[in-house]
Amino acid sequence: MRQMHEDWEPLEELLKQPVGQEKLAVIEKTREELPVESDLVEANQALFRIVHTYDLEPKDVSTGLVDGVQYSGKMSAGDCFTMGTFSFKAGSYPIASKWLSAAEDLLVDQPRRYHEVIGVTKADVTLLLARSLIASGNVSIAREMLIRDSMFGQAGNALVLHFLRNTPQPSIDLESCEPGESFNQLCRSVSRRHASESKPSRLHCRYNATTTPFLRLAPLRMEELSLDPYVVLYHNVLSDPEIEKLQLMSEPFLERAKVFRVEKGSDEIGASRAADGAWLPHQETEPEDLEVLNRIGRRIGDITGLSTRSGRQMQLLKYGFGGHFTPHFDYFDSKTLYLEKVGDRIATVLFYLNNVEHGGATVFPSINLAVPTQKGSALFWHNLDGQSYDYDTRTFHGACPLISGTKLVMTRWIYELDQMLLMPAVLPPRSRNFSRSLRNQN
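Every value quoted in this text rests on a predicted model; they were computed, and no experiment measured them.

(A) Fine view of the packing of helix α2 (residues 8-15) against helix α3 (residues 21-30). Relative orientation of the contacting elements α2 and α3 amounts to 150°, with a least axis distance of 9 Å. Between α2 and α3, the angle is such that the two are roughly antiparallel. With respect to the hand of their crossing, α2 and α3 are arranged in left-handed fashion. Between α2 and α3, the residues in contact are Trp8, Glu12 and Leu15 and Gln21, Lys23, Leu24, Ile27 and Glu28, respectively.

Spelled out as structure tokens, the structure:
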């Protein structure tokens, strides 16, 4: 991504020499298809997120070794310099130092002429590395490095003094989408490096034949992951043909997924989620596809035993490299016209539509639960207390960054007012103020 965006301009300058005019015409023709600045920023964020979440060493990542898996791709000195610059601007100076050290080592192995054309010099790397080391508190190491470098010599002392007097200020804000260390630890617990370590056993596995009468004929295999809050995993819920249908019907409608902002009362693209999404059924969905969706909808009723009258649309999400969703609640705890009619989200059903190659687990930090993806399965949990309809803050959950491949999931939310006769509240709410909206209407 960095090469295709940043390296084209210096390459054009080189090709402006007479021998390169024909190639230059080809470049200009294909420029519209090349990555733009926003693409590069997202790629930087994705790799930064992966390194931070899974606690990886930048030097290992630069050689293609990611979370215990050796990939064929390798990074150049320019790639590492870009990541070092991004980390520096984000205020992550220790990580920036590691990326820049990797860039410094790679400069030795790559032709000098290449870096002169592309515009990444040893002086650029050394100076930013010194600033990163000083900002990390490693002043003596930075001073020794600059003095030892023939380009700076004793001028290194003055540079160190200058850097100390001019403290860098982060210009990239990543705090708003920072998931927290408990989230990161859970993501690491199901990573490839820890795959051989023993995992806690599940509570109970059994066939559910009681939720609805239909399940007496075709019981579903369920795995209880947590009883309080209630979280279960149903296996083999979707067939391969159904999954293929879902992928085909959603593909034309995929666009960048948005997140609902309670304070603004609207949806917007945000750094807290990186994925493409489509709502099903779409207004252009074919009748035969509607039959598939209706059949899955009835199955959701069998799984949950809840009424699914409201909110019939399901959201299909496609995650790519670095795709994630920072920990969040599925309930809104706010008032909109739609929520006034249907209530808040009492439960969530999350379908896994493929087996993920590397990363992408669903984690619940508050209950120390990590759920790897499993094709055809469905994760089901309650967002509200079943007795009082209070918000259950322990359902705080997120999606770990995806390292390789793609991740396909589909979500259906179930709303509380549909359950009035099925699950009447037996205890008064402890924290919810149901009269608030009534006072506002009077």
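Picking up after the structure, the text goes on.
(B) Layout of unusual backbone geometry. In this structure, the amide linkage connecting Asp228 to the following residue, Pro229, adopts the cis form with an omega of 5°. Checked against the element boundaries, Pro229 lands in the loop between β4 (220-227) and β5 (230-235). With omega at 0°, the peptide bond leading from Leu280 into Pro281 counts as cis. Secondary-structure assignment places Pro281 in the loop between β9 (276-280) and α14 (287-304). At Asn236, a residue that is not glycine, the phi angle is positive and equals roughly 50°. Mapped onto the elements of the fold, Asn236 is located in the loop between β5 and α13 (240-250). Despite not being glycine, Asp333 shows a phi value in the positive range, around 50°. By the secondary structure assignment, Asp333 is in the loop between β11 (325-328) and α15 (337-342). Taking the relative accessible area as the measure of exposure, Asp333 reaches 40% and is therefore partly exposed.

(C) Looking closely at the packing of aromatic side chains. For the coordinates displayed, the defined rule picks out 9 aromatic pairs. Ring centres 6.2 Å apart and planes at 45° place the aromatic pair Trp279 and Trp413 in the tilted group. With a gap of 134 residues between them, Trp279 in strand β9 and Trp413 in strand β19 (residues 407-415) connect regions that are remote in the sequence. Since its relative accessible area comes to 38%, Trp279 is described here as partly exposed. Here the aromatic rings of Tyr331 and Tyr391 are separated by 4.4 Å at their centres, their planes lie at 25°, and the arrangement is stacked. In this pair, Tyr331 sits in the loop between β11 and α15 while Tyr391 sits in the loop between β16 (378-382) and β17 (397-399), placing the two residues 60 residues apart along the sequence. Each member of the aromatic cluster is reached from another via a ring pair, and the members are Phe329, Tyr331, Tyr391 and Phe396.

(D) Examining the packing of helix α10 (residues 139-148) against helix α11 (residues 155-165) more closely. Across the interface, α10 lies against α11 with an axial gap of 8 Å and an inter-helix angle of 145°. Along this stretch, α10 crosses α11, giving a crossing that reads as right-handed. Along its contact with α10, which presents Val139, Arg143, Leu146 and Ile147, the element α11 presents Gly156, Asn157, Leu159, Val160 and Leu164. Split by residue class, the contact of α10 with α11 holds 6 nonpolar, 2 polar and 1 charged.

(E) Up close: the domain arrangement of the protein. Parsing the protein into structural domains produces domain 1 (31-165) and domain 2 (205-415). Once you take the C-alpha centre of each, domain 1 and domain 2 turn out to be 39 Å apart. Every contact between the two is made by 12 residues of domain 1 and, on the other side, 13 residues of domain 2. Approximately 930 Å² of surface area, both sides summed, lies buried where domain 1 meets domain 2, with 64% of it carried by carbon and sulfur atoms. On the domain 1 side of the contact with domain 2, Arg49, Ile50 and Tyr54 bury the most area, a combined 49% of that side's loss.

(F) Here's a closer look at the nonpolar core. Core analysis: the largest hydrophobic core is formed by 47 residues, its most contacted members being Val61 and Trp99. Looking at this core, the elements with two or more residues in it are α4 (37-53), α6 (77-89), α7 (93-109), α9 (122-135), α10, α11 and α12 (181-189). For this core, the element with the most residues is α7, which contributes 8 residues. A domain-level breakdown of this core finds at least three residues from each of domain 1 (31-165) and domain 2 (205-415). When neighbours within four sequence positions are excluded, Trp99 is seen to be in contact with Leu47, Val51, Pro58, Val61, Met75, Cys80, Met83, Gly84 and Ser87. With 34 residues, the next largest nonpolar core counts Met222, Tyr331, Ala378 and Ile414 among its residues.

(G) Looking closely at the state of the cysteines. What the rule picks out here adds up to 1 disulfide. Covalently, Cys187 is tied to Cys400 through a disulfide, its sulfur atoms 2.0 Å apart. Between Cys187 and Cys400 the disulfide shows an S-S torsion of about -95°. By sign, it is left-handed. Of this pair, Cys187 sits in helix α12 while Cys400 sits in the loop between β17 and β18 (402-404), and the two are 213 residues apart along the sequence. Neither Cys187 nor Cys400 differs from the other in exposure class; each is buried.

(H) Geometry of the sheet that holds strand β6 (residues 255-256). The sheet built from 9 strands is open, its strands ordered β3-β4-β5-β16-β12-β19-β10-β9-β6 with antiparallel pairing. The open sheet is flanked by β3 (204-208) and β6, the only strands paired with a single partner. Two elements, β9 and strand β10 (residues 314-319), share 5 bridges in a ladder whose sense is antiparallel. Note on β10: the bridge partner recorded for Ala278 is Leu316. Docked against the sheet, α14 engages β3, β4, β5, β9, β10, β12 (345-352), β16 and β19, running at close to 65° with respect to β19.

The rules we used
- Residues numbered from 1 in each chain as written.
- Predicted model: local features only at pLDDT ≥ 70, side-chain atom pairs only at ≥ 80, totals over all residues.
- Heavy atoms only, no water.
- Axes fitted to C-alpha atoms, helices over the stretch in contact; angles between N-to-C directions.
- Helix = DSSP H or I, 4+ residues; strand = E, 2+ residues; numbered from the N terminus.
- Parallel < 35°, antiparallel > 145°, perpendicular 65-115°, else oblique.
- Left-handed = near helix turned anticlockwise from the far one by under 90°.
- Contact = heavy atoms within 4.5 Å.
- Buried < 20%, exposed > 50% of the residue type's maximum accessible area, 1.4 Å probe, protein only.
- Phe/Tyr/Trp six-rings, centres within 6.5 Å; stacked < 30°, edge-to-face > 60°.
- Nonpolar A, V, L, I, M, F, W, Y, C, P; charged D, E, K, R; others polar.
- Domains from an automatic or database assignment.
- Buried area = accessible area lost by both parts, 1.4 Å probe.
- Core = buried A, V, L, I, M, F, W, Y, C linked by side-chain atoms within 4.5 Å.
- Disulfide = S-S within 2.5 Å.
- Pairing = 2+ DSSP bridges.

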